[in-house]
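Below are the chains, spelled out letter by letter.
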Amino acid sequence: TGIHADAYDVIKDIIMERNWYESQPGGGPPITVNADNVTIRNEIMDMTDSTNGVGISIRGDGYGDPRASKNIYVYNNTAVNLGNSGGFKFVNFGLNVANIENVYIKNNLIYSPNSTNNYVAPSSTIKGAYIYDRNSTGNSGVGPLTNQIKLNNPNFVSSSPSGPSDYRLTAGSYAIGAGVPVQGVIRDFYGNLRGGTNDMGAIQFSSYVPPTYIPPPTPPPTPTPPPPPSSPFPPPMTTPVVAGDAP
C-alpha cells in the first residue's frame, strides 16, 4: 500500500496530490482511505505490476465501529494497468459499504485494456451523494451511470509509460477538454494552470515543459606557474678570451 489513511474520522481534511505510484507484485492499493474530507487529485498510478488490481480503496468500518469514510473527492487522476488480464478497479468500496457517505468521482482518466471488470465498482448503498461524472470507463462501463467516455486508449505520448511524463496526452486524445470544472483543481500534476478547460486525467494537455538543459560549467583555465625567482646575487664575471692571449 502506498498511502494508508485509515483511522475513521480521527483523520480529517487530507489532500493527496501530484504523486506517482508504481505498484509492485503483491502490493496493495496505492491509496486506502477510511477518513473524513479527503481529496485525491492529480495523482498518477501505474498498476501494471499489481496483483491486487485496485487503485483507490474507500472503506467503511468493517470492525463494528459505525464511523466510516465520508466526503471523499476523487478528481483528475490518471490510472493505468497494462498487465492484469483479470480485472482492474480504479475505485473499490469495501468493508460495510453502507456506512460510506458522500463520494464524488470526476474527470479521471483510466486505461486498462486487458481488464474484464468495471473500472469503478458501482454501489447503490452509499449514503448521501454518489457522483460519478466525466470519467473514462473503457470497454466495461459502469452500469447505469452516464456522462462517461467509453473509449479505451487515451493516446499517451508513450505506449509503454515508465515515468510521469509518459502520461502526457497527444493531440486528438478524447481526454482533452472532456472534463468539467471542479473546485480545488486549478493546476495539474506539474503545477501548471489548467486554464479555461479541464482535461481528464492528471496532466493537462501541452502543460508539460521539459526542463531546460543547463550545461556543466566550464572549468577555469589552468594557471601558468610564475617564473622562478631571480637570484639575489649578480651573475659571475667571465673574462673574455682575446686572440693571442691563449698560452
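Because the structure is predicted, anything quoted here is derived from the model rather than measured.

Concerning the sheet that holds strand S13 (residues 127–133)
Link 1 in the chain: Across the sheet, which stays open at both edges, the five strands sit in the order S2-S5-S8-S11-S13 with parallel pairing between neighbours. Of all the strands in the sheet, the pair left with one neighbour each is strand S2 (12–17) and S13. On average, each strand axis in the sheet is inclined to that of its neighbour by 5°, with strand direction left out of account.

Some details on the sheet that holds strand S10 (residues 89–94)
Link 1 in the chain: Pairing within the open sheet is parallel, and its four strands lie in the order S1-S4-S7-S10. Two strands close off the open sheet at either side, each with one partner strand: strand S1 (3–6) and S10. Each adjacent strand pair in this sheet contributes to an overall mean axis angle of 15°, direction not counted.
Link 2 in the chain: Across three bridges, strand S4 (residues 31–34) lies against strand S7 (residues 54–59) in parallel orientation. Considered in S7, the bridge of Ile31 is made with Ile56.

Notes on the environment of Gly177
Link 1 in the chain: Residue position: Gly177 is located in the segment after S13.
Link 2 in the chain: Judged by relative accessible area, Gly177 falls into the partly exposed class, the value being 41%.
Link 3 in the chain: Counting along the chain gives 70 residues from Gly177 to Asn107, while the straight-line C-alpha distance between them is 10.0 Å.
Link 4 in the chain: If sequence neighbours within four positions are ignored, Gly177 has contacts with Asn198 and Asp199.

Considerations on unusual backbone geometry
Link 1 in the chain: The phi torsion at Asn42 lies on the positive side, around 55°, for a residue other than glycine.
Link 2 in the chain: Here Asn42 shows up in the loop between strand S5 (36–41) and strand S6 (44–46).
Link 3 in the chain: Overall, the relative accessible area of 1% leaves Asn42 in the buried class.
Link 4 in the chain: In this structure, Arg134 is a non-glycine residue whose phi angle is positive, near 60°.

Brief notes about the pattern of salt bridges
Link 1 in the chain: Taken as a whole and judged by the stated rule, the model has three salt bridges.
Link 2 in the chain: In this structure, Arg59 engages Asp6 in a salt bridge whose closest nitrogen and oxygen atoms are separated by 3.0 Å. Linking Arg59 in strand S7 with Asp6 in strand S1, this pair joins segments that are 53 residues apart in sequence.
Link 3 in the chain: Of the charged contacts, one joins Arg41 and Glu17 as a salt bridge, the two residues approaching to 3.0 Å between their closest N and O atoms. Highlighted residues: Arg41 in strand S5 and Glu17 in strand S2, separated in sequence by 24 residues.

Considerations on the confidence of the model for the protein chain
The predicted coordinates of low-pLDDT regions are not to be read in fine detail.
Link 1 in the chain: Averaged over all residues, the pLDDT of the protein chain equals 82, while 80% of them reach at least 70.
Link 2 in the chain: Low pLDDT, under 50, characterises residues 139–144; the stretch is placed with 14 contacts to residues that sit more than four places away or in other chains.

A few points about the pairing of S4
Link 1 in the chain: Because side chains alternate across S4, one face comprises the buried residues Ile31 and Val33, and the other comprises Thr32 and Asn34, equally buried.
Link 2 in the chain: Pairing between S1 and S4: four bridges, direction parallel. Along S4, the bridge assignment pairs His4 with Thr32.

Some points on the side chain of Ser69
Link 1 in the chain: Looking at the secondary structure, you find Ser69 in the loop between S7 and strand S8 (70–75).
Link 2 in the chain: Classification of Ser69 as buried rests on a relative accessible area of 0%.
Link 3 in the chain: Within polar-contact distance, the side chain of Ser69 engages the backbone oxygen of Arg59 at 2.7 Å.
Link 4 in the chain: Contacts of Ser69, omitting those with residues within four sequence positions, involve Val33, Asn34, Ala35, Ile58, Arg59, Asn99, Ile100 and Glu101.

Describing the packing of aromatic side chains
Link 1 in the chain: Evaluated as defined, the whole model comprises six aromatic pairs.
Link 2 in the chain: Ring centres 5.5 Å apart and planes at 80° place the aromatic pair Phe156 and Tyr167 in the edge-to-face group. In this pair, Phe156 sits in the segment after S13 while Tyr167 sits in the segment after S13, placing the two residues 11 residues apart along the sequence. As far as the burial class goes, Phe156 and Tyr167 line up, both buried.
Link 3 in the chain: An aromatic cluster is present here, built from Tyr73, Tyr75 and Tyr104 joined pairwise through their rings.

Thresholds applied
Residues numbered from 1 in each chain as written. Predicted model: local features only at pLDDT ≥ 70, side-chain atom pairs only at ≥ 80, totals over all residues. Heavy atoms only, no water. Pairing = 2+ DSSP bridges. Helix = DSSP H or I, 4+ residues; strand = E, 2+ residues; numbered from the N terminus. Axes fitted to C-alpha atoms, helices over the stretch in contact; angles between N-to-C directions. Buried < 20%, exposed > 50% of the residue type's maximum accessible area, 1.4 Å probe, protein only. Contact = heavy atoms within 4.5 Å. Salt bridge = Lys/Arg side-chain N within 4 Å of Asp/Glu carboxyl O. pLDDT = per-residue confidence, 0-100. Polar contact = N/O pair within 3.5 Å; in protein donor to acceptor, adjacent residues only side chain to side chain. Phe/Tyr/Trp six-rings, centres within 6.5 Å; stacked < 30°, edge-to-face > 60°.

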